[in-house]
Amino acid sequence: MRIANLAGRLTVLVEGRAIDVHTASRGAFSADPQAVYARWAEFRTWAAGADLAGGRPVDVAELGAPAPSPSQIFAIGLNYREHVTEAGFTTPEGMPPVFTKYATALTGPVTEVRLPQGGHTDWEVELVAVIGHKAHNVSEADAWSHVAGLTVGQDISERVLQMEGPAPQFSLGKSYPGFAPTGPWLVTPDEFDDPDDLELTCSVNGEVVQHGHTRQMIFSVPALVAKLSGVLPLLPGDVIFTGTPAGVGLGRTPQRWLAPGDELLSSVGGIGELRQRFAD
């Protein structure tokens, strides 16, 4: 199943058309895209038996974030070995580096992003997981059952602020407006032949700058859910950015940053793509 946030309303996507959930359910489910995660099991049961005919074509420009107002956003650093090397760090053991992207940075899949003045703005394509059932102290073997679905994310990062001061400002430097696009929709794990092996690609102005597979992650999606939930409860609708493969601008020689007029295209196989254009 695929769900989307179309013009601020929860929709189910069937053969490329969007069916409004509030209308189709005769008011049983809210139009609010975020509200569905608190009733995820009930919603899946309803959708499996509902008459989901009709609908309207999807205009990607109208799409918002699939989980637009999560209680918690987790972002994972250094989760691909080649990215660890290019960033100049050591491979994490036990627990990966964890930071957040503040919720006001969340947007839909097609946006214009203003570049911070005097900054060095970088790209990081990522697989994003959204929690569907509260997870606290869950095992890795049981973790997928707590995931509502997967979507594409960009952990856009301003490196000057990120590294400024006596301690790095990871969360702040990655949370300017528009720095957390997600979408274009949420895909449930059962749609994939192998949800642990998805292809990621990122290009700038048509040039591929990142390419990898989620099978290369140091900590898989189930491992991340298990480790995070061992510290604190993961709540329905929470968002997890799972880390980026090698190829970011910071790790290049010479280093490379996004510039006004650049177009950033980010994709995950079996899900879809994000498209960001940058302006002063």
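Please refer to the structure higher up on the page.
Reading the values: rules and limits
Residues numbered from 1 in each chain as written. Predicted model: local features only at pLDDT ≥ 70, side-chain atom pairs only at ≥ 80, totals over all residues. Heavy atoms only, no water. Salt bridge = Lys/Arg side-chain N within 4 Å of Asp/Glu carboxyl O. Helix = DSSP H or I, 4+ residues; strand = E, 2+ residues; numbered from the N terminus. Buried < 20%, exposed > 50% of the residue type's maximum accessible area, 1.4 Å probe, protein only. Pairing = 2+ DSSP bridges. Phe/Tyr/Trp six-rings, centres within 6.5 Å; stacked < 30°, edge-to-face > 60°.

A.B. asks: How should the pattern of salt bridges be read in this particular structure?
C.D. replies: Side chains carrying opposite charge are able to pair once their charged atoms draw close together. By the definition in use, this model includes 15 salt bridges. Between Lys-174 and Glu-124 there is a salt bridge whose closest N-O contact spans 3.3 Å. Here Lys-174, found in the loop between helix 5 (170-173) and strand 14 (180-187), pairs with Glu-124, found in the loop between strand 10 (121-122) and strand 11 (125-131); they are 50 residues apart in sequence, far enough to count as distant. Here the two residues Lys-174 and Glu-124 agree in accessibility, since each one is buried. Glu-273 is the salt-bridge partner of Arg-275, the closest N and O atoms lying 3.1 Å from each other. We classify Arg-275 as partly exposed; its relative accessible area is 30%. A single salt-bridge network, built from bridges that share partners, covers Lys-101, Asp-122, Glu-124, Asp-155, Arg-159 and Lys-174.

A.B. asks: Would you mind going over the pairing of strand 3 (residues 17-20) with me for this structure?
C.D. replies: The side chains of a regular strand alternate, first on one face of the sheet and then on the other. In this structure, strand 2 (residues 9-14) lies alongside strand 3, joined through four bridges in antiparallel fashion. The partner of Thr-11 across the bridge, within strand 3, is Asp-20. Taken together, strand 2 and the strand that follows it, strand 3, pair antiparallel across an intervening segment of two residues, in which Glu-15 is found at a positive phi of about 50 degrees. The pairing of strand 3 with strand 4 (residues 56-57) spans two bridges and is antiparallel.

A.B. asks: It is not clear to me how the packing of aromatic side chains should be interpreted in this structure. Could you clarify?
C.D. replies: Aromatic ring pairs are defined here through the distance separating the ring centres and the angle between the ring planes. Across all of its chains, the model carries seven aromatic pairs by this definition. Ring geometry for Trp-40 and Phe-43: centres 5.6 Å apart, planes at 40 degrees, overall tilted. Taken together, the positions of Trp-40 and Phe-43, both in helix 2 (residues 40-49) and three residues apart, correspond to about one turn of that helix. In this structure Trp-40 comes out as buried when scored by relative accessible area, which is 4%. Assessed through its relative accessible area of 0%, Phe-43 is described here as buried.

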